[in-house]
Amino acid sequence: MEKILYPLWKSVYISGDEFREELLHQLAPKLARLAGVHGLRVCVADSAVSAASARRIENRAPVPDAMLSLWVDFAGAAAHWEPLIDDHVSRKTAYLVVEAEPLVNQATHPSAPGDRVYGMCHVVFMSPPEDMEREQWLAIWKDSHTQVAIDTQSTFGYRQNLVARRLTEDTPECHAVVEENFPPEAMTSDHAFYDTGGDEHVLRQHMNAMMESCARFIDFTKIDVIPMSEYLIKPLVKP
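Just so you know, these numbers come straight off a predicted model, no measurement behind them.

Rules of the game
Residues numbered from 1 in each chain as written. Predicted model: local features only at pLDDT ≥ 70, side-chain atom pairs only at ≥ 80, totals over all residues. Heavy atoms only, no water. 1 Å grid on protein atoms, 1.4 Å probe; cavity = no way out; pocket = protein on both sides within 12 Å on 5 of 7 lines; lining within 4 Å. Points joined across faces, edges and corners; volume = space filled by probe spheres on them. Helix = DSSP H or I, 4+ residues; strand = E, 2+ residues; numbered from the N terminus. Salt bridge = Lys/Arg side-chain N within 4 Å of Asp/Glu carboxyl O. Buried < 20%, exposed > 50% of the residue type's maximum accessible area, 1.4 Å probe, protein only. Expected span 1.5 Å × (residues − 1). Bend = angle between axes of the 7 residues up to and from the residue. Contact = heavy atoms within 4.5 Å. Core = buried A, V, L, I, M, F, W, Y, C linked by side-chain atoms within 4.5 Å. Phe/Tyr/Trp six-rings, centres within 6.5 Å; stacked < 30°, edge-to-face > 60°.

**Examining the layout of surface pockets**
Turning to step 1, where the next piece is worked out: Here the largest pocket is characterised by a volume of approximately 480 Å³.
Turning to step 2, where the next piece is worked out: Around the largest pocket sit 24 residues that line it, and Ile57, Gln153, Met210, Met211 and Val225 are the ones nearest its centre.
Turning to step 3, where the next piece is worked out: Ranked by residues supplied to the lining of the largest pocket, first place goes to helix H5 (residues 200-215) with 4 residues.

**Points about unusual backbone geometry**
Turning to step 1, where the next piece is worked out: Each neighbour pair has its own omega, and for Ala61 with Pro62 the value is -5°, a cis peptide bond.
Turning to step 2, where the next piece is worked out: Structurally, Pro62 can be placed in the loop between strand E2 (37-44) and strand E3 (66-72).
Turning to step 3, where the next piece is worked out: Notably, Asp195 is not glycine yet its phi reads approximately 55°, a positive angle.
Turning to step 4, where the next piece is worked out: Residue position: Asp195 is located in the loop between helix H4 (190-193) and H5.

**Some remarks on the pattern of salt bridges**
Turning to step 1, where the next piece is worked out: This model, assessed by the stated rule, comprises 14 salt bridges.
Turning to step 2, where the next piece is worked out: Where Asp46 meets Arg20, a salt bridge forms, and the shortest distance between an N and an O atom there is 3.1 Å. In this pair, Asp46 is assigned in the loop between E2 and E3 and Arg20 in helix H1 (residues 16-32), connecting sequence segments 26 residues apart. Comparing Asp46 with Arg20 shows no difference in burial state: the two are buried.
Turning to step 3, where the next piece is worked out: The shortest N-O distance in the salt bridge between Glu179 and Arg159 comes to 3.2 Å. Here Glu179 is found in strand E8 (residues 176-182), whereas its partner Arg159 is found in strand E7 (residues 157-166), with 20 residues between them in sequence.

**What about helix H3 (residues 134-152)?**
Along an α-helix, residues three or four apart share an orientation, since each turn contains 3.6 residues.
Turning to step 1, where the next piece is worked out: Between its first and last C-alpha atoms H3 spans 25 Å; for 19 residues at 1.5 Å apiece the expected length is 27 Å, and the two agree.
Turning to step 2, where the next piece is worked out: Of all the bends found along H3, the most pronounced is centred on His145 and spans about 50°.
Turning to step 3, where the next piece is worked out: For H3, every residue scored as buried is listed here: Trp137, Leu138, Ile140, Trp141, His145, Thr146, Ala149 and Thr152.
Turning to step 4, where the next piece is worked out: For H3, the secondary structure elements touched by its buried residues are strand E5 (95-103), strand E6 (120-126), E7, E8, H4 and H5.

**Focus: the side chain of Ser111**
Turning to step 1, where the next piece is worked out: Mapped onto the elements, Ser111 comes out in the loop between E5 and E6.
Turning to step 2, where the next piece is worked out: For Ser111, a relative accessible area of 17% gives the class buried.
Turning to step 3, where the next piece is worked out: Contacts of Ser111, omitting those with residues within four sequence positions, involve Gln106, Arg116 and Val117.

**As for the nonpolar core**
Turning to step 1, where the next piece is worked out: The biggest cluster of nonpolar side chains holds 28 residues, and the ones touching the most others in it are Met120, Met126, Trp137, Trp141 and Phe217.
Turning to step 2, where the next piece is worked out: If you list the elements that add at least two residues to this core, you get E6, H3, E7, E8, H4 and H5.
Turning to step 3, where the next piece is worked out: Broken down by element, the residue count for this core peaks at 5 residues, all from H3.
Turning to step 4, where the next piece is worked out: Not counting residues within four places of it along the chain, the set of residues in contact with Met120 comprises Val49, Ala52, Arg55, Glu180, Asn181, Phe182, Ala186, Met187, Phe193, Pro227 and Met228.
Turning to step 5, where the next piece is worked out: Formed by 26 residues, the second largest nonpolar core is a distinct cluster that contains Leu8, Ala75, Val89 and Ile233.

**What to know about the packing of aromatic side chains**
Turning to step 1, where the next piece is worked out: The tally for this structure, following the rule as stated, stands at 5 aromatic pairs.
Turning to step 2, where the next piece is worked out: When the ring of Trp137 is compared with that of Trp141, the centres are 5.4 Å apart and the planes differ by 25°; the resulting orientation is stacked. Of this pair, Trp137 and Trp141 both sit in helix H3, 4 residues apart, which is roughly one turn of the helix. No difference in accessibility class separates Trp137 from Trp141, as the two residues are buried.
Turning to step 3, where the next piece is worked out: Between Phe193 and Tyr194, the aromatic rings sit 5.0 Å apart at their centres with planes inclined by 65°, giving edge-to-face as the arrangement. The residues Phe193 and Tyr194 share a single accessibility class, namely buried.
Turning to step 4, where the next piece is worked out: In textbook terms, an aromatic cluster arises when at least three aromatic residues are bridged by ring pairs, as seen for Phe182, Phe193 and Tyr194.

Coordinates in, geometry out; function isn't part of it.
What follows is the structure, given as structure tokens:
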């Protein structure tokens, strides 16, 4: 089983909401019916997350308008599904990734297949500083920062996608893609985002701890953060 992430760009002539409807009601059903597609998720920047615009970080504009996650038997069979994707986007790129899920969102805020997942999903494209060794970067991110992120934020879903390979020539270099689920209040409230209970002292503590931890292993000149709505169309059946 392999997981592919497809960052997607819409036509300039349609809105984020129109793009969402096209992805959910035209593209997703076609993909879900394919025998080799075992799981499917759509994240899209639409009007439901417009309140979170201040949380966007764009270092490599234009950032994607959506992201498609596919779980397939073999990424090399992409010719079976990529033409379907191409019919609905102006541009796509592709990453083969290794997924870890420190927080399973369905355990806290379950949603039926196809329904909008509660709150918002932060989709984060990130890379380490150029002079950092890969093993050191992985050790800080996976073995240390993961718990800091969980302890200092209101996330109820947290997926870490380690990029194994870029699958198209025009896919930008990126070492990891993170998907974090936050409650809706976190779109506009730092207290809700950092899970402070309204305490200003806790807010400063959590913000400082998170930023100091991120600074250990993230190149802030290469990070993109995009609030999106999430739709789990076809849940992966896990053993």
